[in-house]
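Structural overview for review
Given next are the chains, with one letter for each unit.
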Amino acid sequence: AIVEPVPGLAEFMDCDAGEIGVIGPNRSGKTLSVLIRTAKILMGQWHIEGQFPKTDGVWAMVGPKLRHLRLFYYTLFKPGQFKMLKTDDGWKVPRYDNPDDVARISEWEPGPPLIPPRMVESISFEDVKEEIPSFIKLVNGWVIHFFSFESDPVQGVSWNGANFDEEAPRVRLWLTETRA
């Protein structure tokens, strides 16, 4: 694997629980870690057999405001969300706790997108200029819907999974309404 979870997140990446909450301080890598896991699921590469479909699933990405949805989009589909370092064995994600990696910090390069462009069949934007997505269909049949907590909860859709980013007073309403 290109990305190795930092201590404390390895258990998260291997967890087979149906619902997982990730809590931590600002700028600690929570969103990136969750979206690495999500990208593996959406590309059919999830390692726990039968937990998620490999193809033709439906995923919801829910954030506090419409502009926050761009963070999901950039993190999943744009390069440079993490750094890479060329080694004799190929590429790896450098670590700040590795003195050899830190000594080569000038060689760190932007990493690839978590979901590469070849996986994207189509994108519909809520706002094209601001790059706020509405939904994205992948070539393997997965569909990703993007919502803000400001919108009404969606009913009548069977979700295979969802990401709720940031605390919001309407999370419980969303969870309750979408399960009804």
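Here, the structure is the one placed above.
A short tour of the structure in this document, coming up. (Residues numbered from 1 in each chain as written. Predicted model: local features only at pLDDT ≥ 70, side-chain atom pairs only at ≥ 80, totals over all residues. Heavy atoms only, no water.)

Quick word on the environment of Arg118
Along the chain, the position of Arg118 falls in the loop between β4 (109-110) and β5 (120-127). Placed 20 residues apart in sequence, Arg118 and Leu138 show a C-alpha to C-alpha distance of 8.8 Å. (Helix = DSSP H or I, 4+ residues; strand = E, 2+ residues; numbered from the N terminus.)

Quick word on the pairing of strand β8 (residues 161-164)
The alternating pattern of β8 places Gly161 and Asn163 on a buried face and Ala162 and Phe164 on a face that is not buried. Pairing geometry for strand β1 (residues 58-63) and β8, over four bridges, is parallel. Residue Val62 lies in a different strand from β8, and its bridge partner there is Phe164. (Buried < 20%, exposed > 50% of the residue type's maximum accessible area, 1.4 Å probe, protein only. Pairing = 2+ DSSP bridges.)

A few points about the pairing of strand β6 (residues 132-138)
Inspection of the sheet shows β5 paired to β6 by six bridges, in the antiparallel sense. Pairing of Asp127 across the sheet is with Ile132, part of β6. Connecting β5 to the antiparallel partner β6 that follows it, the hairpin turn spans four residues, and Glu131 within it adopts a positive phi of roughly 55°. Here β6 runs beside strand β7 (residues 143-148); their pairing, made up of three bridges, is antiparallel. Paired with Lys137 across the bridge in β7 is Val143. Hairpin connection, β6 to β7: the antiparallel pair is bridged by four residues, and Gly141 has positive phi, about 95°.

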